Amino acid sequence: MARYVIRRILQAVPLLIAITVILYYLIFQIGSPIAHLLQNPHVTQQDIARVKHLYGLDQPLWKQYLVWVWNTVHGNWGYSFVTHQPVMTLIFSRLGNTMILMITAFVLTLVIAIPVGLISALKQYSVFDYVATGASFIFYSLPVFFLGFMLIWVFSLQLDQAGLPHLPSGQMYDIREGPSMGQTVQHVILPALTIALISAAYYARYLRASMLEVLGQDYIRTARSKGLRESVIVARHALKNAALPLVTITFIQIAFLFSGAVVTETIFAWPGMGQLFIQSADAVDYPTLMGILTIASALVIIFNLLADIAYAYLDPRIKYT
Amino acid sequence: MDSSRTEGQQSASALQTRLLQQETLARETLSPWKMARRRFLRHRLALVSLAFFVVLVLTIYIWSALMPPTAATATDINYIQQPPSLKHPFGTDNAGSDVLVRVVLGGRVSITVGLLAAAISVTIGTLVGSVSGFYGGILDNILMRIVDMMLSIPLLFLVIILAALLGAGIRTVIIVIGIATWMDVSRIIRANFLSLKQKEFVEAARSIGARDVSLIFRHILPNTIAPIIVAATLNVANAILLEAYVSFLGYGIQPPQPSWGNMVSSGSFLLTISQAPWMMLFPGLMITLTVLAVNFIGDGLRDALDPHAVI
């Protein structure tokens, strides 16, 4: 097991390096971060040459990449071309907000999906099961942004027009109130619900299938014939095993959550990594783009690794070498 | 829906056993394709969805072909943000254009992108998967590390970087989505090739002198057609969604050319949502219904073609 983990970690490092090489190359093909200077007739050739030299843009690309790697490894992620803040400060100020959104969304997902998936499996072919399966198909097919706007329309605008208490439609806090815990909680509900409803649809379907498979196993019949209460059978014997594939999905879902966050943060003006990514892509702010993409890819690789390790740890039938 | 699935599975295995018994005795037994067709026809939701999708696509393509080329941007400033009425069944937008007309024209763009992007991703995925699974060794290793790499970059990040790189427009959106979504298909095909290439029929074909190309494309690939069809269907649904996301974020189809994604986007300002919710409601509903239908078709095809698969 230890050897397996070490081997997987050793494989992950070159994977991440290869990803950064390709992304670095691609991002530099998008355009120049100083394009606005090149078009300005008041900026002389000398000025452009000076700015290029300042940012190291006059160097060959491979040299720039190596400098970037060296600096990144040493904790200097460069400076944003837009805000001129250090990229690391910029990203970490946003990463926390994205985490708040993701963790809330994840908790909501489980709160919705586990009961729905369980009841669907235990009462297979009941009215509840049909409604839940139908709903999960519909939510699974909804575009994230469409669901987000529907929620804004109903829970912010319609309730507001009706003079009822309503949820805020964007940002992390009301400018008149200032940032606070209570404000964040109020503002996170709609974006988190948007992500959660869609990923809960996915989870509930998996949990249902997985529970049905486990409930048909011989050891469940043994437990029943021993006279155990159904609640004990479901909670202690079935759910534990049925949750196993969910652990893997959970870790793998992190990549989906990132993609979902890009759209959701744009809709709800949530100041997170996804929003920062779109802003940086619009401005070809390559140090920030590289920072975001490297962190996001690294997180995906780490979570995939954790998924495999967790699976091997939880299921002793699996032997890894 | 699920009851028919289990029944389908049971009768499928019953059919298979019967097929095996009768194979040597009689010739009028069901071919695998006929069996699959029977199972698919029993899947009512998939059947309804298929009918809906075909009617939708035909309506959209024929109707938009009949429209004048300026229809998408034809405006009437006296009728800005009008709610749905007999004259404008889906209402009008900020510029006074008819939302129904734009939904039809945008639908042609979105569906075309969905179908062609899925075609590209399935083609690349099939080629990479077959070569990787058939040859194995270093080639397999390299190709699968590329797959790992592309799967490690969150999909929307990858798509937006590629879209920013290649520029906006229908053609680039199709290519970008195609080259960003082939990885899952290649893994499925590779896994199929790994087990199929050990089979006796491949050995037999090789022994009579079949070349690699013929082994891959004439002997092994036809046996993986079932997972390819299922993956292709689900990829169409995902490509339609992805086009909507990319256009929504401003990197896909550019207004005034309509696509369902950018139509939702242009109706999505707080003021527009409260004053003219139909601007985002109708294109949004069309995306949902289309994706839902394609997902149901995919589900039905999976049950029909691969009775042993779970979810």
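Residues numbered from 1 in each chain as written. Chains lettered and ligands numbered in written order. Predicted model: local features only at pLDDT ≥ 70, side-chain atom pairs only at ≥ 80, totals over all residues. Heavy atoms only, no water.

Before going further, it helps to spend a moment on the overall build of chain B. Per the secondary structure count, chain B includes 14 helices and 0 strands. Going residue by residue from the N terminus, the α and β elements of chain B occur as α-α-α-α-α-α-α-α-α-α-α-α-α-α. In chain B, which comprises 311 residues, the share counted as buried stands at 53%. Residue pairs at least 24 apart in sequence account for 70% of intrachain contacts in chain B once pairs closer than 6 positions are excluded. (Helix = DSSP H or I, 4+ residues; strand = E, 2+ residues; numbered from the N terminus. Buried < 20%, exposed > 50% of the residue type's maximum accessible area, 1.4 Å probe, protein only. Contact = heavy atoms within 4.5 Å.)

So, on to helix α4 (residues 61-73) of chain A. Residues and elements named next belong to chain A. Helix length check: α4, at 13 residues, gives a terminal C-alpha distance of 18 Å against a target of 18 Å (1.5 Å per residue), a fit within 8%. Within α4, burial applies to Gln64, Tyr65, Trp68 and Thr72. Projection of α4 onto a plane perpendicular to its axis shows the buried side chains occupying an angular sector of 100°, all on one side. Every exposed residue of α4 that faces more than 90 degrees away from the buried side is listed here: Trp62, Trp70 and Val73. Turning to α4, the residues buried within the fold contact α1 (2-30) and α13 (286-314). (Expected span 1.5 Å × (residues − 1). Arc of directions from axis to C-beta.)

Moving on to the environment of Leu23 of chain A. Looking at where Leu23 of chain A falls in the secondary structure, it is placed in helix α1. C-alpha separation for the pair Leu23 of chain A and Leu289 of chain A, spaced 266 residues apart in sequence, amounts to 9.3 Å. Residues contacting Leu23 of chain A, with those up to four places away along its chain left out, are Met290, Leu293 and Ser297 of chain A together with Ile153 of chain B.

Looking at the second largest pocket, its volume works out to about 610 Å³. Surrounding the second largest pocket, 26 residues form its lining, Ser169, Gly170, Ile267 and Ala269 of chain A together with Leu270 of chain B being those nearest its centre. The biggest single contributor to the lining of the second largest pocket is helix α8 (residues 181-215) of chain A, with 3 residues. Residues that form the lining of the second largest pocket fall into these classes: 12 nonpolar, 11 polar and 3 charged. (1 Å grid on protein atoms, 1.4 Å probe; cavity = no way out; pocket = protein on both sides within 12 Å on 5 of 7 lines; lining within 4 Å. Points joined across faces, edges and corners; volume = space filled by probe spheres on them. Nonpolar A, V, L, I, M, F, W, Y, C, P; charged D, E, K, R; others polar.)

Bringing the packing of aromatic side chains into the picture now. Residue and element names in this part refer to chain A. Within this structure, the stated rule accounts for 16 aromatic pairs over all chains. Ring plane angle 85° and centroid distance 6.3 Å describe the contact between Tyr24 and Tyr286, whose orientation is recorded as edge-to-face. With Tyr24 in helix α1 and Tyr286 in helix α13, the pair connects residues that are 262 residues apart, well separated along the chain. Above the plane of the ring of Phe137 lies Arg205, whose end atom (NZ or CZ) is 4.4 Å from the centre. (Phe/Tyr/Trp six-rings, centres within 6.5 Å; stacked < 30°, edge-to-face > 60°. Lys NZ or Arg CZ within 6 Å of the ring centre and 35° of its normal.)

Each partner contributes to the interface: chain A provides 50 residues, whereas chain B provides 44 residues. Buried surface at the junction of chain A and chain B, summed over both partners, amounts to about 4,200 Å²; 80% is from carbon and sulfur atoms. Broken down residue by residue, the surface that chain A buries against chain B is led by Phe137, Phe145 and Phe149 of chain A, which jointly contribute 15%. Where chain A meets chain B, there are 0 salt bridges. For the pair chain A and chain B, the interface holds 3 residue pairs in polar contact (both at pLDDT 80 or more). For the side of chain A that touches chain B, the elements supplying multiple residues, two or more each, are α1, α6 (127-141), α7 (144-161), α8, α11 (244-267), α12 (273-282) and α13 of chain A. (Buried area = accessible area lost by both parts, 1.4 Å probe. Salt bridge = Lys/Arg side-chain N within 4 Å of Asp/Glu carboxyl O. Polar contact = N/O pair within 3.5 Å; in protein donor to acceptor, adjacent residues only side chain to side chain.)

Below, the discussion takes up the nonpolar core. One finds Phe145, Phe149, Val263 and Phe277 of chain A together with Phe157 and Ile287 of chain B to be the most contacted residues of the largest nonpolar core, which totals 142 residues. No other element matches the 13 residues that helix α14 (residues 278-305) of chain B contributes to this core. When residues no more than four places from it in sequence are discounted, the contact partners of Phe277 of chain A are Leu289, Ile292 and Leu293 of chain A together with Phe157, Ile160 and Ile161 of chain B. Judged by nonpolar contacts, the second largest core, of 18 residues, contains Ala200, Met211, Ile233 and Leu246 of chain A. (Core = buried A, V, L, I, M, F, W, Y, C linked by side-chain atoms within 4.5 Å.)

Glancing now at the packing of α7 of chain A against helix α11 (residues 225-248) of chain B. The interhelical angle for the contact between α7 of chain A and α11 of chain B, taken along N-to-C directions, is 65°, at an axis separation of 9 Å. On α11 of chain B, the residues that touch Val144, Phe145 and Phe149 of chain A of α7 of chain A are Ala244, Tyr245 and Phe248 of chain B. Among the residues forming the contact of α7 of chain A with α11 of chain B, the class breakdown is 6 nonpolar, no polar and no charged. (Axes fitted to C-alpha atoms, helices over the stretch in contact; angles between N-to-C directions.)

Once that is clear, we can look at a nonpolar patch on the surface. Together, Ile9, Val13, Ile17, Val21 and Ile22 of chain A make up an exposed nonpolar region whose accessible area comes to about 390 Å². Here Ile22 of chain A is to be found in helix α1. (Patch = residues over 30% accessible without salt bridge, like charges linked within 9 Å, V, L, I, M, F, W, Y side chains within 5 Å. Areas by Shrake-Rupley, 256 points an atom, 1.4 Å probe, with all protein chains shown as cover.)

Right, let's get into the confidence of the model for chain A. Scored by pLDDT, chain A comes out at a mean of 85, with 99% of its residues at no less than 70. Per-element confidence in chain A is highest for helix α5 (residues 87-122) of chain A, whose mean pLDDT is 90, and lowest for helix α2 (residues 35-38) of chain A, whose mean pLDDT is 74. (pLDDT = per-residue confidence, 0-100.)

On to the side chain of Ser49 of chain B. Relative to the helices and strands, Ser49 of chain B is located in helix α3 (residues 44-66). In this view, Ser49 of chain B contacts Ala293, Phe296 and Ile297 of chain B; residues no more than four positions away in its chain are not counted.

This part covers the domain arrangement of chain B. By a widely used convention, the size of an interface equals the accessible area lost when the partners come together. Taken as a whole, chain B is organised into domain 1 (1-30) and domain 2 (34-304). One C-alpha centre belongs to domain 1 of chain B, the other to domain 2 of chain B; they are set 33 Å apart. (Domains from an automatic or database assignment.)

Moving on, we get to the environment of Gly106 of chain B. Topologically, Gly106 of chain B is positioned in helix α4 (residues 99-135). Note: C-alpha distance between Gly106 of chain B and Gly178 of chain B (72 residues apart in sequence) is 20 Å.

Moving on: the environment of Ala231 of chain B. Structurally, Ala231 of chain B can be placed in helix α11. Ala231 of chain B sits 55 residues away from Met286 of chain B along the chain, and the two C-alpha atoms are 22 Å apart.

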